[in-house]
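As a plain string of letters, each chain reads:
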Amino acid sequence: MLKPASLEWREIPWERALSAARPDVAGPLEKALAGLDLGMEEGLTLAKVEGNDLLALVKVADEIRRRVVGDRITYVVNRNLNFTNVCIVGCAFCGFSRGPDSPDAYFHSTDTLVAKSVEAVELGATEVCIQGGLPKDLDGYYYVELLRAIKARLPDLHVHAYSPMEITYGVEKTRLPLREYMLMLKEAGLNSIPGTAAEILDDQVRKSLSPNKLKVRQWIEVVRMAHGLGIPSTSTMMYGHTELPEHWVRHMLLLREIQKETHGFTEFVPLGFIHSQTKLFQKGGARAGRSVHEDLIVHALARILLNGYIPNIQVSWVKLGFEESLACLEAGANDFGGTLMEESISKAAGANFGEYVSPGEFRAMIRTIGRIPAERATAYKIRRVFENPDAEERLPLERLPIFSSTASHATMPPTGY
Ligand code: SF4
């Protein structure tokens, strides 16, 4: 088997790869190339491919990506703001959360978060992504007040904030109806929400990962409500723990059904499970994270199953690292995610990546696979295309040193986020 993202891999035409696949794999791939929706059985066949069939899946996904979104690889300049790591939910896959009395528990003040937002904008960011733990005594109006404080200072900054889990917690705390609570968030300046806390959208799997987390029905209810109110969201899936290929397929088909109805998902982001510092793995409850084989299948499968509905497939570089991210960007994905500026949640769960990548570094990596870098806004409006590597004006951010892992308490969303 050829090494992903190698020159040999890249130079194999999709037609040749497809012709070498078994008929039961080639059939669904041809159907996907024709723009038709695949069903559960076809998806499951593709989710289990190996060898030449895997190569065909990856090459066809890459070809569909080229037809749908072209050769640009986008990224957003953003900053993660994780206001607290104190959380009562107790997800077994989370290496980030702390009890309130833990020596490394933190809760950033609103002033600090506003100052970090201002700094982010000064450094070229167009978005802040806000998520955090769920402390027991959190005021249900905290989420609204934080939005108001940031928007009062930075009315044009895109605020991408609060997972369906956090929104459900806010509803529980305030006892407001979901619609009313979300309208209040929108009026306070919420621009979009992360479709995180999805993990695997299967209540049996969720029970083993996190019995206290919101149910599939609740996750769907929040994203549908958000989309209905004109608040777009991302969509995610955590893989590489206890789930099986059929869970991937069912999860993606469920997202596709929601998207047909709401058109509110901006992208799909597969999130590889970072296992090493989690209870789930340490107690023998999960496999040791995702493999490269799974990375390729999940990203390619997403491109194929979501074809025509969710045009953007994002790699999570903090979970995958750069080599695998680039391989997945040649297997159907088209977005590199955010520069993040600082991140420690995946780090807390044992990831080796996840501090900060400058826009210039993103662009350089994108060019190594012969694609065109483009900076986007959160909802995929292109801000700038970098056709010519020699004609670039460097953003101020690029002159900064990469933050060290101990230099900041700021974090990115937990593993399942
Ligand atoms: S994943 Fe989120 S909700 Fe679950 S324990 Fe970690 S911080 Fe809390």
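Our subject is the structure that appears above.
These numbers come from a predicted model, not from an experiment. (Residues numbered from 1 in each chain as written. Predicted model: local features only at pLDDT ≥ 70, side-chain atom pairs only at ≥ 80, totals over all residues. Heavy atoms only, no water.)

## Some words on the overall build of the protein chain
Stage number 1. Across its full length, the protein chain carries 18 helices and 9 strands.
Stage number 2. A total of 417 residues make up the protein chain; the buried ones form 61% of that total.
Stage number 3. For the protein chain, long-range pairs separated by at least 24 residues make up 78% of all intrachain contacts whose partners lie at least 6 apart in sequence.
Stage number 4. Roughly 15,900 Å² of accessible area belongs to the protein chain as shown, and the carbon and sulfur atoms make up 52% of that amount. (Helix = DSSP H or I, 4+ residues; strand = E, 2+ residues; numbered from the N terminus. Buried < 20%, exposed > 50% of the residue type's maximum accessible area, 1.4 Å probe, protein only. Contact = heavy atoms within 4.5 Å. Areas by Shrake-Rupley, 256 points an atom, 1.4 Å probe, with all protein chains shown as cover.)

## Things to note about the side chain of N307
Stage number 1. Looking at the secondary structure, you find N307 in the loop between helix 14 (292–305) and helix 15 (317–320).
Stage number 2. A polar contact is formed between the side chain of N307 and the backbone oxygen of A32, at a distance of 3.3 Å.
Stage number 3. Leave out the neighbours within four places in its chain, and N307 touches A32, G35, D37, I64, V68 and A302. (Polar contact = N/O pair within 3.5 Å; in protein donor to acceptor, adjacent residues only side chain to side chain.)

## Structural notes on the pattern of salt bridges
Stage number 1. One pass over the structure, following the stated rule, counts 22 salt bridges.
Stage number 2. For the salt bridge of E145 with R148, the shortest nitrogen-to-oxygen distance reads 3.0 Å. Of this pair, E145 and R148 both sit in helix 7 (residues 142–153), separated by 3 residues, roughly a single helical turn.
Stage number 3. Where salt bridges share partners, they join R22, D24 and D53 into one cluster. (Salt bridge = Lys/Arg side-chain N within 4 Å of Asp/Glu carboxyl O.)

## Quick look at helix 5 (residues 51–69)
Stage number 1. Under the 1.5 Å per step criterion, the end-to-end length of helix 5 is 27 Å for 19 residues, consistent within 8% with the ideal 27 Å.
Stage number 2. One or two residues past the end of helix 5 sits G70, with phi positive at roughly 80 degrees. (Expected span 1.5 Å × (residues − 1).)

## What to know about the sheet that holds strand 8 (residues 372–376)
Stage number 1. Taken in spatial order, the 4 strands line up as 7-1-8-9 in an open sheet, and their pairing is mixed. The two strands at the open ends of the sheet, each matched to only one other strand, are strand 7 (335–338) and strand 9 (382–385). For this sheet the average axis-to-axis angle between neighbouring strands, irrespective of direction, equals 25 degrees. (Pairing = 2+ DSSP bridges. Axes fitted to C-alpha atoms, helices over the stretch in contact; angles between N-to-C directions.)

## A closer look at the packing of aromatic side chains
Stage number 1. For the structure shown, the criterion picks out 11 aromatic pairs.
Stage number 2. Arranged with centres 5.4 Å apart and planes meeting at 20 degrees, the rings of Y75 and F362 form a pair that is stacked. Of this pair, Y75 sits in strand 1 (residues 72–76) while F362 sits in helix 18 (residues 359–368), and the two are 287 residues apart along the sequence. Exposure class is identical for Y75 and F362. Each is buried.
Stage number 3. Following the ring pairs from residue to residue traces out a cluster consisting of Y75, W317, F322, F336 and F362.
Stage number 4. Lying across the ring of F386, R363 places its NZ or CZ 4.0 Å from the centre. (Phe/Tyr/Trp six-rings, centres within 6.5 Å; stacked < 30°, edge-to-face > 60°. Lys NZ or Arg CZ within 6 Å of the ring centre and 35° of its normal.)

## Structural notes on the packing of helix 9 (residues 178–187) against helix 11 (residues 216–228)
Stage number 1. At a closest axis distance of 10 Å, the pairing of helix 9 and helix 11 adopts a crossing angle of 50 degrees. Considered as vectors, helix 9 and helix 11 are oriented oblique to each other. Once helix 9 is placed against helix 11, the crossing between them reads as right-handed. Along its contact with helix 9, which presents L178, R179 and M182, the element helix 11 presents E221, V222, M225 and A226.
Stage number 2. Of the residues contributing to the contact of helix 9 with helix 11, the split by class is 5 nonpolar, no polar and 2 charged. (Parallel < 35°, antiparallel > 145°, perpendicular 65-115°, else oblique. Left-handed = near helix turned anticlockwise from the far one by under 90°. Nonpolar A, V, L, I, M, F, W, Y, C, P; charged D, E, K, R; others polar.)

## Let's talk about the packing of helix 14 against helix 16 (residues 322–329)
Stage number 1. The geometry of helix 14 relative to helix 16 is characterised by a closest axis approach of 9 Å and an angle of 35 degrees between their N-to-C directions. Taken as a pair, helix 14 and helix 16 cross one another with a handedness that is right-handed. Each of V292, D295, L296 and H299 in helix 14 lies in contact with helix 16, whose residues at this interface are E324, A327 and C328.
Stage number 2. For the contact of helix 14 with helix 16, a count of residues per class yields 4 nonpolar, 1 polar and 2 charged.

## Concerning the pairing of strand 5 (residues 233–239)
Stage number 1. Across the 7 residues that make up strand 5, a large majority, 7, are buried.
Stage number 2. Here strand 5 shows two buried faces, one formed by S233, S235, M237 and Y239 and the other by T234, T236 and M238.
Stage number 3. As defined by bridge partners, strand 5 adjoins strand 6 (residues 265–272) across 6 bridges and the pair is classed as parallel. Considered in strand 6, the bridge of Y239 is made with G272.
Stage number 4. In this region the chain leaves strand 5, passes through helix 12 (residues 245–262) and returns to the parallel neighbour strand 6; the handedness of that crossover is right-handed. (Right-handed = clockwise from strand over helix to strand, strands pointing away.)

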